[in-house]
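# Coordinates in review
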Amino acid sequence: QVQLVESGGGLVQPGGSLRLSCAASGSISRINAMGWYRQAPGKQRELVAHKTSGGSTNYADSVKGRFTISRDNAKNTVYLQMNSLKPEDTAVYYCNADIKDRSAYYAMIYWGKGTLVTVSS
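## Examining the overall build of the protein
Along the protein, the regular secondary structure elements total zero helices and eleven strands. The helix and strand sequence of the protein, counted from the amino end, reads β-β-β-β-β-β-β-β-β-β-β. Rg of the C-alpha trace for the protein: 14 Å, near the compact-globule value of 14 Å for 121 residues, within the 12% margin. Considering only C-alpha atoms, the protein reaches an extent of 45 × 25 × 25 Å along its principal axes.

Next comes the structure, spelled out in structure tokens:
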């Protein structure tokens, strides 16, 4: 059973920084892409950042230049460094990963339960 567990959310003032972590565990054969999504109150879930196993990255326009996604493949972990945070970054942040379980024929998309980031003075 594959699980994704996020950590690092919290309350931060505008202009501040936070670092989110997401660790994948379980019967993992291979991890392809990993990424972060967010969902603000009353809004749809949206892509924040995405990183493939080959290293290609993709960011939402709203976070380019402020957020950085990185991976530690040895630890099956993806990070999101968030700088210059704005109130509009307030949301529940979800980890997402394309993982092949050892017992499965195909890779599947897994989601974490989310971590709340609140940007407020």
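## Description of the sheet that holds strand S8 (residues 77–82)
With antiparallel pairing, four strands are arranged side by side in an open sheet as S1-S3-S8-S7. Both edges of this open sheet fall to strand S1 (3–7) and strand S7 (67–72), since each of them pairs with a single strand only. Strand-to-strand twist of the sheet, defined as the mean angle between neighbouring strand axes without regard to direction, takes the value 15°. As defined by bridge partners, S1 adjoins strand S3 (residues 18–25) across five bridges and the pair is classed as antiparallel. Residue pairing for S3: Val 5 is matched across the bridge by Ala 23.

## Thoughts on the layout of surface pockets
Its volume calculated, the largest pocket comes out at about 190 Å³. Taken together, 13 residues form the lining of the largest pocket, with Arg 38, Lys 43, Glu 46, Glu 88 and Asp 89 sitting closest to its centre.

## Some thoughts on the packing of aromatic side chains
Taken as a whole and assessed by the stated rule, the structure comprises one aromatic pair. A ring pair is formed by Tyr 37 and Trp 111, whose centres lie 5.0 Å apart and whose planes are at 65°; its orientation type is edge-to-face. Taken as a pair, Tyr 37 in strand S4 (residues 28–39) and Trp 111 in strand S10 (residues 108–111) lie far apart in primary sequence, 74 residues in all. Its guanidinium or amino end placed over the ring of Tyr 79, Arg 19 lies 4.0 Å from that ring's centre, counting from NZ or CZ. A cation over a ring is seen here: Arg 45 above Tyr 94, with NZ or CZ 3.7 Å from the ring centre.

## Let's talk about the pattern of salt bridges
On inspection of all chains with the given rule, the structure shows four salt bridges. For Arg 38, the salt bridge identified is with Asp 89, shortest N-O distance 3.0 Å. Pair noted here: Arg 38 is in strand S4 and Asp 89 is in the loop between S8 and strand S9 (91–101), with a separation of 51 residues, a long-range link. One exposure class covers both Arg 38 and Asp 89, and it is buried. One salt-bridge network, held together by shared partners, links Arg 38, Glu 46, Arg 66 and Asp 89.

## So, unusual backbone geometry
Its identity as a non-glycine residue notwithstanding, Asn 76 has a phi of 50°, on the positive side. Summarising the element assignment, Asn 76 is placed in the loop between S7 and S8. In this model, Ser 84 sits at a positive phi of 50°, which is unusual for a non-glycine residue. Checked against the element boundaries, Ser 84 lands in the loop between S8 and S9.

Conventions and cut-offs
- Residues numbered from 1 in each chain as written.
- Predicted model: local features only at pLDDT ≥ 70, side-chain atom pairs only at ≥ 80, totals over all residues.
- Heavy atoms only, no water.
- Helix = DSSP H or I, 4+ residues; strand = E, 2+ residues; numbered from the N terminus.
- Rg over C-alpha atoms; globule rule 2.2 N^0.38 Å.
- Pairing = 2+ DSSP bridges.
- Axes fitted to C-alpha atoms, helices over the stretch in contact; angles between N-to-C directions.
- 1 Å grid on protein atoms, 1.4 Å probe; cavity = no way out; pocket = protein on both sides within 12 Å on 5 of 7 lines; lining within 4 Å.
- Points joined across faces, edges and corners; volume = space filled by probe spheres on them.
- Phe/Tyr/Trp six-rings, centres within 6.5 Å; stacked < 30°, edge-to-face > 60°.
- Lys NZ or Arg CZ within 6 Å of the ring centre and 35° of its normal.
- Salt bridge = Lys/Arg side-chain N within 4 Å of Asp/Glu carboxyl O.
- Buried < 20%, exposed > 50% of the residue type's maximum accessible area, 1.4 Å probe, protein only.

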